[in-house]
Amino acid sequence: MAGVLLIAEASGEQLAATTAELVAEGGRLAKELGGGPVTVLLAGKNVQGLASSLGQLGAENVLVADSQRPTPPSPQWLLAAAEQAANQTQPDVILLTHAGGARDLGPSLAYRLGSGIVTDSTALRFESGELVVTKPVFGGSAIAEFAINASPKVVTLRPRAFEPAEPPTAREARVQALSVPDTDSGVEVLEEIREQASTGPKLKDAKVIVSGGRGLGGPENWHVVEELAQLLGGAVGATRAVTDAGWVPPSHQVGLTGATVAPDLYITIGISGAVQHIAGISGARNVVAINRDADANIFKYARYGVVGDWKQIVPAFTQRLKELRG
């Protein structure tokens, strides 16, 4: 066999929001390869019922590895499922989303298969029969192109960097179950602590994000970020300095060591534009920067910049939005 193998992620009883991007890009690459099969691996706990959702996105073949263990599947079990799917389908290309557990799964799978991998890609194309992978490097200050000589070629896709094409017609996918034996992870889960879900969209899926930095002065001023984000129906982001200081939980951190995001609109308040933060927003379509320092690095990346005191700008902007919506 040949073609493309996609490894989908699921959270609870829902597919990851980026699954449509994964299926669309996999289908496009398969056509360039000459029309090879596109197979989706769905591995996790109680995921059998999600196979039909993959068919609605346009997937043709689905392999389901459903864990029946009372605890979440271990990384070793997920790796075994991915390796089994790859050995069964013998694909030319394997695609994963560069988020969640796939960040670890992709490199581990490439090693198991004796292949190569390029992570966090933003564009793919075939040139003279060779897969060329584009990705930002050096904290987003340059763009590089890579070619993988080994096969299968493993690539992780940056979330929201690829357009989720609408399937021509929803189809009923051919579903096959995989039997993946339980593996001893060597780790015992003693307790699961779930962070209380915040209102609004998830950071990695949001089309609008409002982020704050140390320029806000202190946690007592953080409410202006949350109020504006809620008004715009967006998510709340933060710099590493803010999360390290304990103003907000680490789950809000955007940047090289936090979340990589690609919203349609990214508003920064009091953010200077450190390299590690810029690396996490290189996929943002429109950046609006508010900072009183006209020489702040963030203005080099912003489409719109406002130089001034946020205490005068943001409340006035928020109030005007309320008037326009009210």
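Everything below is about the structure printed above this text.
Described in the following lines is the structure provided in the data block. (Residues numbered from 1 in each chain as written. Predicted model: local features only at pLDDT ≥ 70, side-chain atom pairs only at ≥ 80, totals over all residues. Heavy atoms only, no water.)

## Considering the overall build of the protein
Line of reasoning, step 1. For the protein, the helix and strand inventory stands at 8 helices and 17 strands.
Line of reasoning, step 2. Relative to its length of 326 residues, the protein is compact, with a C-alpha radius of gyration of 21 Å against a globular reference of 20 Å.
Line of reasoning, step 3. Taken along the three principal axes of its C-alpha coordinates, the protein extends 60 × 50 × 40 Å.
Line of reasoning, step 4. Expressed as a percentage of the 326 residues in the protein, the buried residues total 48%.
Line of reasoning, step 5. The long-range share in the protein, meaning contacts at least 24 apart out of those at least 6 apart in sequence, stands at 62%.
Line of reasoning, step 6. Just so you have it, the protein exposes about 16400 Å², and 49% of that area is on carbon and sulfur atoms. (Helix = DSSP H or I, 4+ residues; strand = E, 2+ residues; numbered from the N terminus. Rg over C-alpha atoms; globule rule 2.2 N^0.38 Å. Buried < 20%, exposed > 50% of the residue type's maximum accessible area, 1.4 Å probe, protein only. Contact = heavy atoms within 4.5 Å. Areas by Shrake-Rupley, 256 points an atom, 1.4 Å probe, with all protein chains shown as cover.)

## What to know about helix 4 (residues 102–112)
Line of reasoning, step 1. What helix 4 keeps buried is the set A102, L105, G106, L109 and A110. The buried residues of helix 4 occupy one face: seen down the axis, they fall within an arc of 125°. What points out from helix 4, more than 90 degrees from its buried face, is the exposed set D104 and Y111.
Line of reasoning, step 2. Tucked inside the fold, the buried residues of helix 4 contact strand 1 (4–8), helix 3 (75–89), strand 6 (93–97), strand 7 (117–121) and strand 11 (153–157).
Line of reasoning, step 3. Just past helix 4, the residue G114 takes up positive phi, approximately 65°. (Arc of directions from axis to C-beta.)

## A word on the pairing of strand 10 (residues 142–147)
Line of reasoning, step 1. By the bridge criterion, 6 bridges tie strand 9 (residues 130–137) to strand 10 in an arrangement that is antiparallel. Residue pairing for strand 10: V132 is matched across the bridge by A147.
Line of reasoning, step 2. With antiparallel pairing between neighbouring strands as the criterion, strand 9 and strand 10 make up a hairpin whose turn holds 4 residues, including F138 at a positive phi of roughly 55°. (Pairing = 2+ DSSP bridges.)

## Here's the deal with the nonpolar core
Line of reasoning, step 1. Within the largest apolar cluster, 29 residues are counted, with the highest numbers of intra-cluster contacts made by L6, L42, V62, L95, L124 and V155.
Line of reasoning, step 2. Elements supplying a minimum of two residues to this core: strand 1, helix 1 (19–32), strand 4 (38–45), helix 2 (51–56), strand 5 (61–67), strand 6, strand 9 and strand 11.
Line of reasoning, step 3. The element contributing the most residues to this core is helix 1, with 4 residues. (Core = buried A, V, L, I, M, F, W, Y, C linked by side-chain atoms within 4.5 Å.)

## Looking at the side chain of K153
Line of reasoning, step 1. Within the secondary structure, K153 sits in strand 11.
Line of reasoning, step 2. One buried charged residue, K153, forms no salt bridge at all, with the nearest opposite charge on E130 at 6.7 Å.
Line of reasoning, step 3. There is a polar contact of 2.9 Å between the side chain of K153 and the backbone oxygen of I148.
Line of reasoning, step 4. From its side chain, K153 meets the backbone oxygen of A150 in a polar contact 3.3 Å long. (Lys, Arg positive; Asp, Glu negative; His and termini not counted. Salt bridge = Lys/Arg side-chain N within 4 Å of Asp/Glu carboxyl O. Polar contact = N/O pair within 3.5 Å; in protein donor to acceptor, adjacent residues only side chain to side chain.)

## Some words on the sheet that holds strand 17 (residues 304–307)
Line of reasoning, step 1. On the basis of which strands lie adjacent, the open sheet formed by 5 strands has the order 14-13-15-16-17 and parallel pairing. Two strands lie at the open edges of the sheet, namely strand 14 (235–238) and strand 17, each paired on one side alone. On average, each strand axis in the sheet is inclined to that of its neighbour by 15°, with strand direction left out of account.
Line of reasoning, step 2. Direction of pairing for strand 16 (residues 287–291) relative to strand 17: parallel, over a ladder of 4 bridges. (Axes fitted to C-alpha atoms, helices over the stretch in contact; angles between N-to-C directions.)

## Notes on the side chain of T18
Line of reasoning, step 1. Position of T18 among the secondary structure elements: in the loop between strand 3 (14–15) and helix 1.
Line of reasoning, step 2. Looking at T18, the relative accessible area reads 8%, which means it is buried.
Line of reasoning, step 3. Look past the residues within four positions of T18 in its chain and what remains in contact with it is T97 and P159.

## Here we look at the packing of helix 5 (residues 223–231) against helix 8 (residues 310–325)
Line of reasoning, step 1. Taken N-terminus to C-terminus, the directions of helix 5 and helix 8 make an angle of 25°; their axes are 11 Å apart at the nearest point. Taken together, the axes of helix 5 and helix 8 lie roughly parallel to each other. Handedness of the helix 5/helix 8 crossing: left-handed. Here V224, E227, L228 and L231 of helix 5 lie close against helix 8, whose contacting residues are W310, V314, F317, T318, L321, K322 and R325. (Parallel < 35°, antiparallel > 145°, perpendicular 65-115°, else oblique. Left-handed = near helix turned anticlockwise from the far one by under 90°.)

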